[in-house]
Amino acid sequence: MNNLRNVPAGLQPWLQGATIEENREGMTNTSVFRVEKHNHDHYLKVAQRGSEDDLRAELSRLLWLQGRLPVPEVLYWAEDAERQYLLISEIPGVMLFDDVLRDQLPAVVRLYATALRQIHAVQGCPFDMRLGIKISEAERKLRENQI
């Protein structure tokens, strides 16, 4: 847990006395930790500042989505010279691929359809993720040797 050494002072109370478990799933270089304290789970993401895993975009989206969709609450955010720290609440539920839902395919499809309707009903999204913009961003990253 080298990424949890020398964390910002404001994050220390969240971690002190907590059970911390690293989540090794995922395909980014961001470190993700489940932080359990007083029977509440939170998730801490730690990313190298200036890396392709910059957490500012996720922070912006989570803050904008509050009250619009059931998303985690941002509990703490900080950047230092080397890292970014994003602590979010846990939201109830299970992943759609969880084994507990294996024999409930019709229910899973209904849940998924409901979730997609909720997402598409959100109005005024300020984040432009159209294909042309994503391709331009990928080309820029390629030119700047970020890929």
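Residues numbered from 1 in each chain as written. Predicted model: local features only at pLDDT ≥ 70, side-chain atom pairs only at ≥ 80, totals over all residues. Heavy atoms only, no water.

Looking only at helices and strands, the chain has four helices and five strands in total. Taken from the N to the C terminus, the helices and strands of the chain come in the order α-β-β-β-α-β-β-α-α. Expressed along its principal axes, the backbone C-alpha trace of the chain runs to roughly 45 × 45 × 30 Å. Looking at the chain as a whole, 27% of its 147 residues are labelled buried. The long-range share in the chain, meaning contacts at least 24 apart out of those at least 6 apart in sequence, stands at 47%. Here the chain contributes 18 positive and 21 negative side-chain charges, whose respective centroids are spaced 4 Å apart. (Helix = DSSP H or I, 4+ residues; strand = E, 2+ residues; numbered from the N terminus. Buried < 20%, exposed > 50% of the residue type's maximum accessible area, 1.4 Å probe, protein only. Contact = heavy atoms within 4.5 Å. Lys, Arg positive; Asp, Glu negative; His and termini not counted. Charge placed at Lys NZ, Arg CZ, Asp CG, Glu CD.)

Between its first and last C-alpha, helix 4 (residues 131-143) extends 18 Å over 13 residues, near the 18 Å set by a 1.5 Å rise per residue. Positioned one or two residues after helix 4, Asn145 has a phi angle of 55°, which is positive. (Expected span 1.5 Å × (residues − 1).)

The next thing to look at is the packing of aromatic side chains. Under the definition given, this model contains one aromatic pair. Aromatic pair Trp64 and Phe127: ring centres 6.2 Å apart, planes at 90°, arrangement edge-to-face. Of this pair, Trp64 sits in helix 2 (residues 56-65) while Phe127 sits in the loop between helix 3 (105-121) and helix 4; the two residues are 63 residues apart in sequence, bridging distant segments of the chain. A relative accessible area of 16% means that Trp64 is categorised as buried. In this structure, Arg68 is placed above the aromatic ring of Trp64, and the distance from its NZ or CZ to the ring centre is 3.9 Å. (Phe/Tyr/Trp six-rings, centres within 6.5 Å; stacked < 30°, edge-to-face > 60°. Lys NZ or Arg CZ within 6 Å of the ring centre and 35° of its normal.)

Take the sheet that holds strand 2 (residues 31-37) next. Spatial strand order, 1-2-3-5-4: five strands in an open sheet with antiparallel pairing. For this open sheet the edge positions go to strand 1 (19-23) and strand 4 (74-79), each flanked by a neighbour on one side alone. For this sheet, the mean angle separating the axes of adjacent strands, direction not counted, is 20°. Pairing analysis gives five bridges linking strand 4 to strand 5 (residues 83-89), with the strands arranged antiparallel. Bridge pairing in strand 5 links Trp77 to Leu86. Strand contacts of helix 2: strand 3 (40-48), strand 4 and strand 5, with the helix running at about 150° to strand 4, the strand carrying the most contacts. (Pairing = 2+ DSSP bridges. Axes fitted to C-alpha atoms, helices over the stretch in contact; angles between N-to-C directions.)

A word on the side chain of Ser89. When you line up the elements, Ser89 lands in strand 5. Ser89 sits in the buried class, given a relative accessible area of 14%. For Ser89, the side chain forms a polar contact with the main-chain nitrogen of Glu73, separated by 2.8 Å. Setting aside chain neighbours within four positions, we find Ser89 in contact with Asp41, His42, Pro72, Glu73 and Leu75. (Polar contact = N/O pair within 3.5 Å; in protein donor to acceptor, adjacent residues only side chain to side chain.)

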